[in-house]
Amino acid sequence: MPCLSVRVDSSRFLISLHRKMAHSTMSPRFSRLLLSLVLFFTLHLLTFAGPLHFQSCPLFTNRPATMPQLFGGSADEKQTTPASILTLLEQTQHFAPNSHFLLNSKELQELIANYQRRDPFVSQQAQNNATADCECATPLMPFKHPDHAQSLRVFVKRLLAPVQPDTKRNALFLLSGGPGGSSDIFEPIMLLLRLYLPNHDIYYLEHRGVGRSARLGCTAVQAETMGSDSGVAISNEENRHCAAQMDEYFHDETDVFSATQAAEDLKSVVTQLRGDYDGDMTVYGISYGTFWAQRFLQLDGAPNGVDKVILDGVVSQKSSPGFPLSRTVLTNWDTLMNEVGMRFMEICDADRGEDDKNANSCRVLIEDRLGEISTDDKEYKYTNGKDFVELVFREVFHEGKCKTQLDDGSIKDHWGFTEDETRSMIGSMLQQASPRTLIPALLLRLLRCDDDQDYGVFAHIRTFVQAQKNATLLRTSPGLASPVLGSNIMFAELWDRELDPTYDDLRLIFNSSYFASGIYVSQPAFEVWPKYDEPRIKTTFENIDIPILMLNGDLDPQTPFLYAEAVYNNTHTSCPNLKLFQVPYAPHFTLMNSPYAKPEDNRPKHCGMDLMVQFTKNGFTDLDTSCLERVTAPNFQKGDELVGMLLFGTHDIWDGSWLEPEQKQTVDLYVFIAAQAGTVIVGIVIICALVYVIVRLRDRMLAKEGGYTDLDEQE
């Protein structure tokens, strides 16, 4: 439970005051009146949101790793071995979750390296030298808005813009995803945004229940300790026990940690800061952060001092008429993820065209190899991406294509992962821009399952996956994210509580999908979680006249475009300044996952960020959307070289092989010392024996020559 030190100290003060007054000479009536006045002003003080007092603090909560640190060389070399895979996983634990995209951004790498060296930060637009000034604050908030006798602190961080005379001051607020995700994912991106928005102070507010905002943990069952079965991570079984702790601590007030209360926190912070800015205040939300931002727009007095809103990877609170799946509930996640996965595979269906070396046509890459795989008994042909996925799963997991019977009768599975694990694996790869480009090559390798080309790669993948598990188990801290907060909001506001699907229902959906998340494993915890009722569920914001920019990836498996369309259809009539843009080929988080061809030198390299920066500066005035026509398609021929090496162990993702290096033999230190000592002793014995033999031989030779008499022979 959050530490409510203010409440405790005040309670002690009131008790102490009451005892002193009981022993005083003043009249009982006057004593009661005085105590009532003190109690009134104390509670009034507690329910008032505390002011923002910023202090200097580091920009990075965690130590960011740069490419040279990870690989011992320049970023261009991108060399890796099994040992450096472990190094990568160890180093990237210092990143916020889901921020590994930073490794592939040369622009961000340079900014991080410069900041670590404390070099002057030079803005391209302003050409104004300044250090990256960062400040933090932990204002008090009512435990439950609008009034409550208890309070908690929330965490706010800001990166200040260089002071520029005669220039309006602006502010940009970043809202993180999840629910339960930490805002420290934004810290490296704040440097990048500061480059393109030199007149903006950039803020993030950590959601209540996360990180330094009264983080919700699961201490009662030690679920986040190294001694638990899953280490500092919370397993699904442990999460059931966390539900009992939430019920014990908060009873019927679990809505204290809800999207609405976090929106009230944002309203309080914006209201207090509004007077410091004569320019615009903009709110940007990603994923669940869009849900948080929309709830903010539903509060009384909305937009409450905010001038613009950006929603990236949109979560919908209300479905569109005739589209029941368009309201975001995680019980539909596997169904929609599989649809996105199959549409992603449709990119393979591009015609060969005149250029047989078309890098974007994985149809060419697959067709050329299916002929080599085919035999007289079975011929493989490519019809379309969807059928190819179904073919691979059928051959590998139902026909035993990648299994061999050994001499002793046992079965050797060369792939090494179950069908369920494979569904979850490619579902996870689909969610990330770089790993998803490896999916067609991985499926082809599964169907080919060649001992020379593929067995080693499969072994490398197993090594990588195991290294990830080991890195998780070796973590000594659960980090800032809060799975408990995630469950609290997910089960109350982002779960289908009307249809109430059972574990078997969700498991059936998972089994019928090829790209999946495995959300069914959360259903047992849903059954026992103390869920609050949110009156704003199935409603949406209305009558907001400020500009609202909505961005959503065309191939986003976490928040499919269907959700963004639902928000647009439900709000655009009463919100005339709302516009929605579909970003081609982009997965989740268009801000960092939508590279486009030929960006100008002084503009962001991702279309999502380019649109966001333009909008933050000027709204929809002269908004240049041409980057949407130049978003680059996935490169299936080479994929991402770094990710290919990390996962496959080879730059050639289609045909390259990987040979597992010979393991160096190691022995225990004490065994080594004993062996060395034994060797020395044996050596001494042998030397002594040789000396003895040599002396005896010499004596006998001298005796025969008559030089002296051998006493032994004389006897």
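Keep in mind that this is a model prediction, so the values were computed, not measured.

(A) Fine view of unusual backbone geometry. Residue G178 is joined to P179 through a cis peptide bond whose omega torsion reads 0°. Examined against the element boundaries, P179 turns out to sit in the loop between β8 (170–175) and α6 (187–196). A cis amide bond links A302 to the next residue, P303, at an omega of 10°. In this structure, P303 sits in the loop between α9 (288–296) and β11 (308–312). A positive phi angle, close to 70°, is found at K538, a residue other than glycine. Inspection of the secondary structure assignment puts K538 in the loop between α18 (523–528) and β14 (548–553).

(B) Region of the structure containing the state of the cysteines. Inspection of the entire model under this criterion finds 5 disulfides. A sulfur-sulfur separation of 2.1 Å characterises the disulfide bridge that pairs C218 with C242. The sign of the S-S torsion, about -115°, decides the handedness of the disulfide formed by C218 and C242: left-handed. In this pair, C218 sits in the loop between β9 (200–205) and α7 (236–250) while C242 sits in helix α7, placing the two residues 24 residues apart along the sequence. Paired through a disulfide, C348 and C362 show a sulfur-sulfur distance of 1.7 Å. On the criterion of sequence distance, the pair formed by C348 in the loop between α10 (333–345) and α11 (362–373) and C362 in helix α11 is long-range, its members being 14 residues apart.

(C) The arrangement of the pattern of salt bridges in detail. What the rule picks out here adds up to 28 salt bridges. Its salt-bridge partner being E534, residue R536 comes within 3.8 Å of it at the nearest N-O pair. Using a relative accessible area of 11% as the deciding quantity, one classes E534 as buried.

(D) Region of the structure containing the packing of helix α8 (residues 259–273) against α9. Axis separation between α8 and α9 bottoms out at 8 Å; the angle between their running directions is 70°. Compared by their axis directions, α8 and α9 come out roughly perpendicular. Relative to α9, the crossing made by α8 is right-handed. Contacts between α8 and α9 involve A259, T260, A262, A263, L266 and K267 from the first element and Y288, F291, W292, R295 and F296 from the second. A class-by-class count of the residues in the contact of α8 with α9 yields 8 nonpolar, 1 polar and 2 charged.

(E) Main features of the sheet that holds β11. Reading across the sheet, the 9 strands line up as β1-β4-β7-β9-β8-β10-β11-β14-β15 and stay open at both edges, with mixed pairing between neighbours. Both edges of this open sheet fall to β1 (55–56) and β15 (578–583), since each of them pairs with a single strand only. Contacts between α8 and the sheet are confined to β7 (156–159), β8, β9 and β10 (281–286), with β8 contributing the most and set at about 165° to the helix. Packed onto the sheet, helix α19 (residues 561–571) meets β14 and β15 and runs at close to 165° relative to β15.

(F) The arrangement of a negative patch on the surface in detail. Residues D500, D504, D505 and E527 make up a contiguous surface patch of negative charge. Within the secondary structure, D500 is located in the loop between α16 (483–493) and α17 (503–511). By relative accessible area, which is 34% here, D500 ends up partly exposed.

Calculation notes
Residues numbered from 1 in each chain as written. Predicted model: local features only at pLDDT ≥ 70, side-chain atom pairs only at ≥ 80, totals over all residues. Heavy atoms only, no water. Helix = DSSP H or I, 4+ residues; strand = E, 2+ residues; numbered from the N terminus. Disulfide = S-S within 2.5 Å. Salt bridge = Lys/Arg side-chain N within 4 Å of Asp/Glu carboxyl O. Buried < 20%, exposed > 50% of the residue type's maximum accessible area, 1.4 Å probe, protein only. Axes fitted to C-alpha atoms, helices over the stretch in contact; angles between N-to-C directions. Parallel < 35°, antiparallel > 145°, perpendicular 65-115°, else oblique. Left-handed = near helix turned anticlockwise from the far one by under 90°. Contact = heavy atoms within 4.5 Å. Nonpolar A, V, L, I, M, F, W, Y, C, P; charged D, E, K, R; others polar. Pairing = 2+ DSSP bridges. Patch = residues over 30% accessible without salt bridge, like charges linked within 9 Å, V, L, I, M, F, W, Y side chains within 5 Å. Areas by Shrake-Rupley, 256 points an atom, 1.4 Å probe, with all protein chains shown as cover. Lys, Arg positive; Asp, Glu negative; His and termini not counted. Charge placed at Lys NZ, Arg CZ, Asp CG, Glu CD.

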